[in-house]
Amino acid sequence: MPHEAHDPPKTVVPDTRVNLSGIGVHDTLARPAPLPSKVISTTAEHEQSRFSERQEVLHLNKLYQRLFWPGLGGWLIFALLDVRLAMTLYPGTLARTFAIRAACALGLVFILRAVQRAESWEAIRLGLILMVLDINVGVALIGAKVGGLSSPYHVGVIVLVAALGLTPARWQRLLPVMLVAVFAYPVTLLGYLALDPLV
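Basis of the calculations
- Residues numbered from 1 in each chain as written.
- Predicted model: local features only at pLDDT ≥ 70, side-chain atom pairs only at ≥ 80, totals over all residues.
- Heavy atoms only, no water.
- Helix = DSSP H or I, 4+ residues; strand = E, 2+ residues; numbered from the N terminus.
- Buried < 20%, exposed > 50% of the residue type's maximum accessible area, 1.4 Å probe, protein only.
- Contact = heavy atoms within 4.5 Å.
- pLDDT = per-residue confidence, 0-100.
- Polar contact = N/O pair within 3.5 Å; in protein donor to acceptor, adjacent residues only side chain to side chain.
- Arc of directions from axis to C-beta.
- Axes fitted to C-alpha atoms, helices over the stretch in contact; angles between N-to-C directions.
- Parallel < 35°, antiparallel > 145°, perpendicular 65-115°, else oblique.
- Nonpolar A, V, L, I, M, F, W, Y, C, P; charged D, E, K, R; others polar.
- Phe/Tyr/Trp six-rings, centres within 6.5 Å; stacked < 30°, edge-to-face > 60°.
- Lys NZ or Arg CZ within 6 Å of the ring centre and 35° of its normal.
- Patch = residues over 30% accessible without salt bridge, like charges linked within 9 Å, V, L, I, M, F, W, Y side chains within 5 Å.
- Areas by Shrake-Rupley, 256 points an atom, 1.4 Å probe, with all protein chains shown as cover.
- Salt bridge = Lys/Arg side-chain N within 4 Å of Asp/Glu carboxyl O.
- 1 Å grid on protein atoms, 1.4 Å probe; cavity = no way out; pocket = protein on both sides within 12 Å on 5 of 7 lines; lining within 4 Å.
- Points joined across faces, edges and corners; volume = space filled by probe spheres on them.
- Core = buried A, V, L, I, M, F, W, Y, C linked by side-chain atoms within 4.5 Å.

Caption draft 1: Highlighting the overall build of the chain. In terms of regular secondary structure, the chain is built from seven helices and zero strands. N-terminal to C-terminal, the α/β element order of the chain is α-α-α-α-α-α-α. Each of the 199 residues in the chain was classed as buried or not, and the buried ones make up 29%. Counting contacts in the chain only where the partners sit at least 6 residues apart, residues at least 24 apart contribute 74% of the total.

Written as structure tokens, this is what we have:
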């Protein structure tokens, strides 16, 4: 009897896949839940605020650097007033006045170099405070021997405060600088007066 050919038996592999759509896992893995619109809006506003603040800081930093050199020139030009007062009303004060003025000018340049690449308003404000201190303390030390409490140099402090008031920055940010500008001169002068009653 001839041998009949038979196909090999087929092996059936059971389907072990799990349908996740029934329990909601498939949809969760395939499509992550979107962020709430409120979170997206808050994040966008925060990023916009940071960008605007950075632009303002860069603008003010460039502005202060442009104004620095004319201001420094004005500080040195006032040496002509030192000469006139020393020659007319207060002889013997010129060398001391020149030394203080030169030291303050070097201090201003050093402060500018330290903060010229500032990228935050806090750094700029610190630089402004140090510059105002440098100027006001210098003016007070000069005025202590040139007129004392009635020194004509107090006018320079008024000019400085007025110049700060014209700065295109929010007054809340400039308030600490203004306070230093207003009080540094009288505090320094009164402190010197306490050490030297002859002023």
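There's plenty left to go through after this.
Caption draft 2: Representation of the confidence of the model for the chain in the model. Taken as a whole, the chain shows an average pLDDT of 79; of its residues, 73% reach a score of 70 or greater. Per-element mean pLDDT across the chain ranges from 48 in helix α1 (residues 25-30) up to 92 in helix α4 (residues 94-115). When the criterion is pLDDT under 50, residues 23-30 qualifies, and its contacts beyond four places in sequence or with other chains add up to three contacts.

Caption draft 3: Local environment of the side chain of R101. By the element assignment, R101 lies in helix α4. Polar side-chain contacts of R101 include one of 2.7 Å to the backbone oxygen of W75. Excluding residues within four positions of it along the chain, R101 makes contact with W75, F78, A79, D82, I142 and Y153.

Caption draft 4: Representation of helix α3 (residues 79-88) within the structure. For α3, every residue scored as buried is listed here: A79, D82, L85 and A86. Viewed end-on, α3 has its buried residues packed into an arc of 120 degrees, placing them on one side of the element. Opposite the packed face of α3, turned more than 90 degrees from it, sit the exposed residues L80, R84 and M87.

Caption draft 5: The arrangement of the packing of α4 against helix α5 (residues 121-145) in detail. Running from N to C, α4 and α5 point in directions that differ by 180 degrees, and their axes come no closer than 10 Å. Looking at the two axes, α4 sits roughly antiparallel to α5. Between α4, through R96, T97, I100, R101, C104, G107, L108, I111, L112 and V115, and α5, the contact on the second element is made entirely by A123, G127, L130, M131, D134, I135, G138, L141, I142 and K145. For the contact of α4 with α5, the residue count by class is twelve nonpolar, four polar and four charged.

Caption draft 6: Just the packing of aromatic side chains, in detail. Here the structure, examined in full by the defined rule, presents one aromatic pair. Ring geometry for F68 and W69: centres 4.9 Å apart, planes at 85 degrees, overall edge-to-face. When the ring centre of W75 is taken as origin, the NZ or CZ atom of R101, which lies over that ring, is 4.6 Å away.

Caption draft 7: Layout of a nonpolar patch on the surface. Where nonpolar side chains cluster on the molecular surface, the patch consists of W171, L175, L179, V182, F183 and V187 and spans about 620 Å² of accessible area. With respect to the element layout, F183 can be found in helix α7 (residues 171-195).

Caption draft 8: Structural view of the layout of surface pockets. Size it by volume and the largest pocket reaches roughly 1000 Å³. L67, G71, I135, L160 and A163 are, among the 35 residues lining the largest pocket, the residues nearest its centre. Taken together, the elements giving at least two residues each to the lining of the largest pocket come down to α2 (37-77), α4, α5 and α6 (154-165). If one sorts the elements of the lining of the largest pocket by residue count, α2 sits on top with eleven residues. Looking at the lining of the largest pocket residue by residue, the classes come out as 27 nonpolar, seven polar and one charged.

Caption draft 9: Expanded view of the nonpolar core. F68, L72, W75, M131, V139, Y153 and Y185 are the most contacted members of the largest nonpolar core, which totals 20 residues. When contributions to this core are tallied by element, the ones reaching two or more residues are α2, α4, α5 and α7. The element best represented in this core is α4, accounting for six residues. When residues no more than four places from it in sequence are discounted, the contact partners of L72 are A105, L108 and V109. Counting 17 residues, the second largest nonpolar core, distinct from the first, contains A118, L128, I129 and V177.

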